[in-house]
Amino acid sequence: MKRTILSAVILAATLFQLRSQTVDYAYADVRTGFSTHINPEETLSGFHVDYLNIHVGGKLADKLSYRLRHRLTLPSYRDYNPLNATDMALLEWRPTGRLRFVAGKQSVNVGGYEYDANPINVYFWSSFVNNLYQFFMLGACAGWELSEGQEISFQFCQSPLSMGKSNCFAYNFYWRGSIAPWWHTTWCLNFMDSEYDRFMHFITLGNHFRFGKASLEVDLGNRNAIGQKRHFFTDWSAVTDFKYPLGKFVLGAKFTYDFNSSENVDEYGDSFNIVLPAGTEHLMGAAGFEYYPLDDRRLRLHAFYSWSNQVYSSCNTLTMGLTWRMDFFRRDRR
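These remarks concern the structure in this document. This structure is a prediction, so every number in the text was calculated from the model and none was measured. Position numbers for residues count from 1 along each chain, tracking the sequence in the order it is written. In view of the model being predicted, local features appear only for residues whose pLDDT reaches at least 70, and side-chain atom pairs are presented and counted only at 80 or more, with totals across whole chains, interfaces and linings using the full set of residues. To obtain the side-chain values, all non-hydrogen atoms of the structure were included, while hydrogens and water were left out.

### Here we look at the overall build of the protein chain
Link 1 in the chain: Runs of H or I in DSSP of at least four residues are treated as helices and runs of E of at least two as strands, each being numbered from the N terminus. Broken down by element type, the protein chain carries three helices and 16 strands.
Link 2 in the chain: Against the 2.2 N^0.38 benchmark of 20 Å for 334 residues, the protein chain shows a C-alpha radius of gyration of 21 Å, consistent with a compact globule.
Link 3 in the chain: If you line up the protein chain on its principal axes, its C-alpha atoms span 60 × 50 × 45 Å.
Link 4 in the chain: Restricting to contacts in the protein chain with at least 6 residues of sequence separation, those with at least 24 account for 51%.
Link 5 in the chain: Only the protein chains shown count as cover for residues, with accessible areas throughout obtained via the Shrake-Rupley method and a probe of 1.4 Å. Carbon together with sulfur atoms contributes 62% to the accessible area of the protein chain, which is approximately 17,300 Å² in total. Based on C-alpha atoms, the radius of gyration is set beside the globule rule, defined as 2.2 Å times the residue count to the power 0.38. The contact rule is simple, with two residues in contact once any of their heavy atoms fall within 4.5 Å.

This is how it looks when you write it as structure tokens:
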């Protein structure tokens, strides 16, 4: 009941704010569908609503803007995260054309195109990204645009390896740019505290390649802790995501591999990595299509089939669904 009341208050406040000159856009988007999971033990099927989001953004002053994204499909409050259902509630200040500062609830800079994607556009996740305790945390970020399309930034925020524990932080160095017109990057270097006082180090190289109409994203991530015997390629992930537009269709295929050696444990036998425990080896593949019947692409249909070795040794999933967007307000400031 409290969650419903709070969500209604947020929606009412959002619609009221549309009268203000500080709002540039406000809209909601929804993703819902039907899935069938088949494994050797049983078959589970059902309808589901994955996302129902409200987006609001605008400017408070000439160089000061804000952004809010709230999920109505999540509990609004948890003890370790009072803004649990709010992905973003941030202010961005741009004192110059190339320098920016961000403060508030924001996406943690972990790197990789899978992680950076809007969650409503991702149907299947790699194990490491899916198991992170938090994707959006309170913090601050400073970014400098070296040239057009090339930015480096440093972010200090709560650690995504924690449920909100005090003195558990992340220090993230991020580069968003390109090496060639057909090769774009989101590369990141992370130093993170974990819930159980284990200091983790991540290197993530996100790469986006474009070949004519086709695109291929390749994310490579390596993780280690100070006490590990071997620091490279004993705890790592690889993600590839291929897309090819064909008229109003987008054909897609995705493969993920997550591995953490069973030797990556401390003297007590506890895994250094609490998100992807030692001894994990997960392989997932998916293929399917998206269809956009409207020219403005506000309506999307999707159907994907996936296979995974994670559940009862193997699991097959067929998922179909709809995603649509409803604009409440949009201002053209040009």
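### Points about empty space enclosed by the protein
Link 1 in the chain: Definitions used for this entry: grid spacing 1 Å over protein atoms alone; cavity, a set of points where a 1.4 Å probe fits but cannot get out; pocket, an open set with protein on both sides within 12 Å along at least 5 of 7 lines; lining residue, one with an atom within 4 Å of a point. Grid points are joined across faces, edges and corners, and a volume is the space filled by probe spheres set on the points. Under the defined criterion, the tally for this structure stands at one cavity of 30 Å³ or more.
Link 2 in the chain: Looking at the largest cavity, its volume works out to about 160 Å³.
Link 3 in the chain: Phe 128, Val 129, Thr 204, Gly 221 and Ser 237 are, among the 18 residues lining the largest cavity, the residues nearest its centre.
Link 4 in the chain: Contributions of two or more residues to the lining of the largest cavity are made by helix H2 (113-116), helix H3 (127-131), strand S11 (214-225) and strand S12 (235-246).
Link 5 in the chain: Element by element, the count of residues in the lining of the largest cavity is highest for S11, at five residues.

### Thoughts on a nonpolar patch on the surface
Link 1 in the chain: A patch is a set of surface residues, each over 30% in relative accessible area and not in a salt bridge, joined within 9 Å for like charges and within 5 Å for the nonpolar side chains Val, Leu, Ile, Met, Phe, Trp and Tyr. Any Lys or Arg side-chain nitrogen found within 4 Å of a carboxyl oxygen on Asp or Glu counts as a salt bridge. A cluster of nonpolar residues, Phe 242, Tyr 244, Leu 246, Phe 249, Leu 251 and Phe 289, forms a patch on the protein surface that exposes about 500 Å² of accessible area.
Link 2 in the chain: Put simply, the parts of the chain that give the nonpolar patch at least two residues each are S12 and strand S13 (249-260).
Link 3 in the chain: Locating Phe 242 in the fold gives a position in strand S12.

### Overview of the packing of aromatic side chains
Link 1 in the chain: Each pair of aromatic rings taken from Phe, Tyr and Trp, with Trp reduced to its six-membered ring, is defined by centres within 6.5 Å and is described as stacked if the planes are under 30 degrees apart, edge-to-face if over 60, and tilted in the remaining cases. Within this structure, the stated rule accounts for 22 aromatic pairs.
Link 2 in the chain: Aromatic pair Phe 124 and Phe 304: ring centres 6.4 Å apart, planes at 70°, arrangement edge-to-face. Taken together, the residues Phe 124 in the loop between H2 and H3 and Phe 304 in strand S15 (residues 299-308) connect sequence positions 180 residues apart. For the pair shown, Phe 124 and Phe 304 are each scored as buried.
Link 3 in the chain: The rings of Trp 182, Trp 183, Phe 209 and Phe 211 are connected pair by pair, giving a single aromatic cluster.
Link 4 in the chain: Over the aromatic face of Tyr 292 sits the side chain of Arg 297, whose NZ or CZ is 3.7 Å from the ring centroid.
Link 5 in the chain: Between the NZ or CZ atom of Arg 325 and the centre of the ring of Tyr 27, over which it lies, the distance is 3.7 Å. Only protein chains enter the calculation, and the probe is 1.4 Å; a residue is then buried if its accessible area is under 20% of its type maximum, exposed if over 50%, and partly exposed in between. A positively charged side chain is recorded as over a ring if its NZ (Lys) or CZ (Arg) lies within 6 Å of the ring centre. The angle to the ring normal must also be within 35 degrees.

### Points about the pattern of salt bridges
Link 1 in the chain: One pass over the full model with this rule turns up 17 salt bridges.
Link 2 in the chain: A salt bridge links Glu 92 to Arg 94, with the nearest nitrogen and oxygen atoms 2.8 Å apart.
Link 3 in the chain: Between Arg 223 and Asp 235 there is a salt bridge whose closest N-O contact spans 3.0 Å. With Arg 223 in strand S11 and Asp 235 in strand S12, this pair connects stretches of sequence that are twelve residues apart.
Link 4 in the chain: The buried category is assigned to Arg 223, whose relative accessible area is 3%.
Link 5 in the chain: Its relative accessible area of 0% is what places Asp 235 among the buried residues.
Link 6 in the chain: What you see here is one network of salt bridges that share partners, running through Glu 92, Arg 94, Arg 100, Glu 151 and Arg 176.

### Details of the layout of surface pockets
Gaps left between atoms are located by rolling a probe of water-molecule size over the structure's atoms.
Link 1 in the chain: Taken as a whole, the second largest pocket spans an internal volume of roughly 860 Å³.
Link 2 in the chain: If you go around the second largest pocket, you meet 42 residues; those closest to its centre are Ala 117, Asn 118, Asn 121, Lys 243 and Arg 300.
Link 3 in the chain: For the lining of the second largest pocket, the element with the highest residue contribution is S13, accounting for five residues.

### A few points about the pairing of S15
Link 1 in the chain: Direction of pairing for strand S14 (residues 281-291) relative to S15: antiparallel, over a ladder of eight bridges. Residue pairing across strands places Glu 290 opposite His 302, the latter belonging to S15.
Link 2 in the chain: Bridging between S15 and strand S16 (residues 315-330) involves ten bridges; their strand directions are antiparallel. Counted as the bridge partner of Ser 306 is Thr 317 from S16. Two strands pair if DSSP finds at least two bridges between them.

### Considering the environment of Ser 45
Link 1 in the chain: Mapped onto the secondary structure, Ser 45 falls in strand S2 (residues 43-61).
Link 2 in the chain: Between the C-alpha atoms of Ser 45 and Ser 262, which are 217 residues apart in sequence, the distance is 34 Å.
Link 3 in the chain: Excluding anything up to four places from it in sequence, Ser 45 contacts Phe 34, Ser 35 and Thr 36.
Link 4 in the chain: Pairs of N or O atoms are called polar contacts if they sit within 3.5 Å, as long as, within protein, a hydrogen donor faces a hydrogen acceptor (for residues adjacent in sequence, only side-chain-to-side-chain pairs). One polar contact links Ser 45 to Thr 36, side chain to side chain, over a distance of 3.1 Å.

### Notes on the side chain of Asn 222
Link 1 in the chain: Structurally, Asn 222 can be placed in strand S11.
Link 2 in the chain: Classification of Asn 222 as buried rests on a relative accessible area of 7%.
Link 3 in the chain: At 2.8 Å, the side chain of Asn 222 and the backbone nitrogen of Phe 233 are in polar contact.

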